[in-house]
Amino acid sequence: MKRFTPILALLLVVLSGCYDNHEGAQSTSLTERDNCNISQLQDRCQDGLYLVTTDMICRGRVTSSDREGNFYRSMFVEDETGAAEIKLGTYNIEAQYPIGLEVALHLNGCAIMLNNGTLQVGLPPQSFDSAPREFEAQEVINLHIVRSSSVEVIS
């Protein structure tokens, strides 16, 4: 009987393993309607830094990331009118925002600015700076960037 107990315990552990149905994540689509595009954002910051104080939503696809040192702590989102650099301030962006992923940018409370012809989106600058800051925390990023499950090949 003493030999039977460890064999039974091992058998119970092996047979009570987890089951995964391999259906993957639930498909999510963006339900928000966009009310601006990237070229309209560029028009608003022609005179310098622009602080967004209204509910502005832009939709686009991720077209670059920090893969292989490509862009440092930022990603580019593009729609049919232009592109914007989103200053995330985190590492390993490609794993969370793959190229081709559709996102919605909620810009209320953000700062936008043209810097060397590139539209940059981030948090309002500190008192000693003049450029948008990086979001830096995932909770803040989640407030401003809504992911979908739609990923398309970018050509």
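(A) Here's a closer look at the pattern of salt bridges. Inspection of every chain in the model, using the stated rule, returns three salt bridges. Of the charged contacts, one joins Arg 59 and Glu 102 as a salt bridge, the two residues approaching to 2.9 Å between their closest N and O atoms. Here Arg 59, found in strand S2 (residues 57-64), pairs with Glu 102, found in strand S5 (residues 101-106); they are 43 residues apart in sequence, far enough to count as distant. Under the relative-accessibility criterion, Arg 59 is labelled partly exposed at 25%. One salt bridge in this structure joins Glu 152 and Arg 61, with 3.3 Å as the shortest N-O distance. A residue pair is termed long-range when its members are at least 10 positions apart, and Glu 152 in the segment after strand S8 (145-151) and Arg 61 in strand S2 qualify at 91 residues. A relative accessible area of 45% places Glu 152 in the partly exposed class.

(B) Representation of the confidence of the model for the protein. Within the protein, residue pLDDT values average 85, and 88% of them lie at 70 or more. Note that residues 22-27 has pLDDT below 50 and, in this model, one contact with residues that lie over four places away or in other chains.

(C) Broad picture of the nonpolar core. In terms of nonpolar packing, the biggest core is built from 27 residues, with Met 75, Ile 86, Leu 88, Tyr 97, Leu 107 and Ile 145 touching the most fellow members. Secondary structure elements with two or more residues in this core: helix H2 (38-44), S2, strand S3 (75-79), strand S4 (82-86), S5 and strand S7 (118-122). Ranked by residues supplied to this core, first place goes to S5 with three residues. Those residues within four positions of Met 75 in sequence are excluded, and the remaining contacts are Val 62, Ser 64, Ser 65, Ala 84, Glu 85, Ile 86, Leu 88, Ile 93, Tyr 97 and Ile 145.

(D) Region of interest: the side chain of Glu 85. Relative to the assigned elements, Glu 85 resides in strand S4. The buried charged residue Glu 85 lacks any salt bridge, with Lys 87 as its nearest oppositely charged partner at 6.0 Å. There is a polar contact of 3.2 Å between the side chain of Glu 85 and the side chain of Gln 120. Beyond its immediate chain neighbours, meaning those up to four positions away, Glu 85 contacts Ser 74, Met 75, Phe 76, Thr 118, Leu 119, Gln 120 and Val 121.

What counts, and at which threshold
Residues numbered from 1 in each chain as written. Predicted model: local features only at pLDDT ≥ 70, side-chain atom pairs only at ≥ 80, totals over all residues. Heavy atoms only, no water. Salt bridge = Lys/Arg side-chain N within 4 Å of Asp/Glu carboxyl O. Helix = DSSP H or I, 4+ residues; strand = E, 2+ residues; numbered from the N terminus. Buried < 20%, exposed > 50% of the residue type's maximum accessible area, 1.4 Å probe, protein only. pLDDT = per-residue confidence, 0-100. Contact = heavy atoms within 4.5 Å. Core = buried A, V, L, I, M, F, W, Y, C linked by side-chain atoms within 4.5 Å. Lys, Arg positive; Asp, Glu negative; His and termini not counted. Polar contact = N/O pair within 3.5 Å; in protein donor to acceptor, adjacent residues only side chain to side chain.

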